[in-house]
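Now for the letters of each chain:
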Amino acid sequence: MKIHSLGKTIASLGLLLLVAGCGKTGKLSPEQEARFAQEEIVHRADDLTFRRTIPSGQRDSGWSEKRASIVVTRASVFMHRNGQPLVEITPRSTGFYEVHRDHDRISLRVGSGKSAVIWSFRPPENAEGWTDNIRSVIKKKKTR
């Protein structure tokens, strides 16, 4: 009886972890969908794994992985979880942003100094095109 119960518990836990790890992150509000359509979506990817890194030398340095989605338009970059922004770059943005590509991986640095965070991910295709389009958005933002 104990072995059967333990097996059931392990199976249930495995299913719970599978469902939790595969959560959908790409849902946007109708207003957000309309905004991005108007800005002309050039890239969109849902449910990607992003590595969030806080550079060494900071109290909270280290990294973690998060599931999120990203929309890149001609005017903005919006990394989000179901419409809740993690990173948003628009022409009105005033912060420091930088994008780099290493083979098929893109790194987006947000902030500078002790407030810097690096979000890196592998887009589903054309990493060079994604990088060029994100860089174009960054160039359009306000300068201080």
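Here, the structure is the one placed above.
The sections below set out a description of the structure shown in this document.

## With respect to the environment of valine 71
Here comes step 1: With respect to the secondary-structure elements, valine 71 resides in strand β2 (residues 62–73).
Here comes step 2: Overall, the relative accessible area of 0% leaves valine 71 in the buried class.
Here comes step 3: Taking the C-alpha atoms as reference points, valine 71 and histidine 43, separated by 28 residues in sequence, lie 5.9 Å from one another.
Here comes step 4: Contacts of valine 71, omitting those with residues within four sequence positions, involve Leu28, Phe36, Ile41, His43, Arg44, Ser76, Val77, Phe78 and His80.

## Details of the packing of aromatic side chains
Here comes step 1: Throughout the structure, instances matching the rule amount to four aromatic pairs.
Here comes step 2: When the ring of phenylalanine 50 is compared with that of phenylalanine 121, the centres are 4.9 Å apart and the planes differ by 40°; the resulting orientation is tilted. In this pair, phenylalanine 50 sits in strand β1 (residues 41–54) while phenylalanine 121 sits in strand β7 (residues 117–121), placing the two residues 71 residues apart along the sequence.
Here comes step 3: With relative accessibility at 0%, the residue phenylalanine 50 sits in the buried group.
Here comes step 4: You can call phenylalanine 121 buried: its relative accessible area is 1%.

## Description of the sheet that holds strand β3 (residues 77–81)
Here comes step 1: With antiparallel pairing, seven strands are arranged side by side in an open sheet as β4-β3-β2-β1-β7-β6-β5. Looking at strand neighbours, the two that pair on one side only are β4 (84–89) and β5 (97–102), the edges of this open sheet. Ignoring strand direction, the axes of neighbouring strands in this sheet form an average angle of 30°.
Here comes step 2: Taken together, the six bridges between β5 and strand β6 (residues 105–110) define a ladder with antiparallel strand orientation. Its bridge partner being in β6, tyrosine 97 is matched across the sheet by valine 110.
Here comes step 3: Of the strands in this sheet, β1, β2, β3 and β4 touch helix α2 (residues 30–39), which is tilted by about 110° from β1.

Calculation notes
Residues numbered from 1 in each chain as written. Predicted model: local features only at pLDDT ≥ 70, side-chain atom pairs only at ≥ 80, totals over all residues. Heavy atoms only, no water. Helix = DSSP H or I, 4+ residues; strand = E, 2+ residues; numbered from the N terminus. Buried < 20%, exposed > 50% of the residue type's maximum accessible area, 1.4 Å probe, protein only. Contact = heavy atoms within 4.5 Å. Phe/Tyr/Trp six-rings, centres within 6.5 Å; stacked < 30°, edge-to-face > 60°. Pairing = 2+ DSSP bridges. Axes fitted to C-alpha atoms, helices over the stretch in contact; angles between N-to-C directions.

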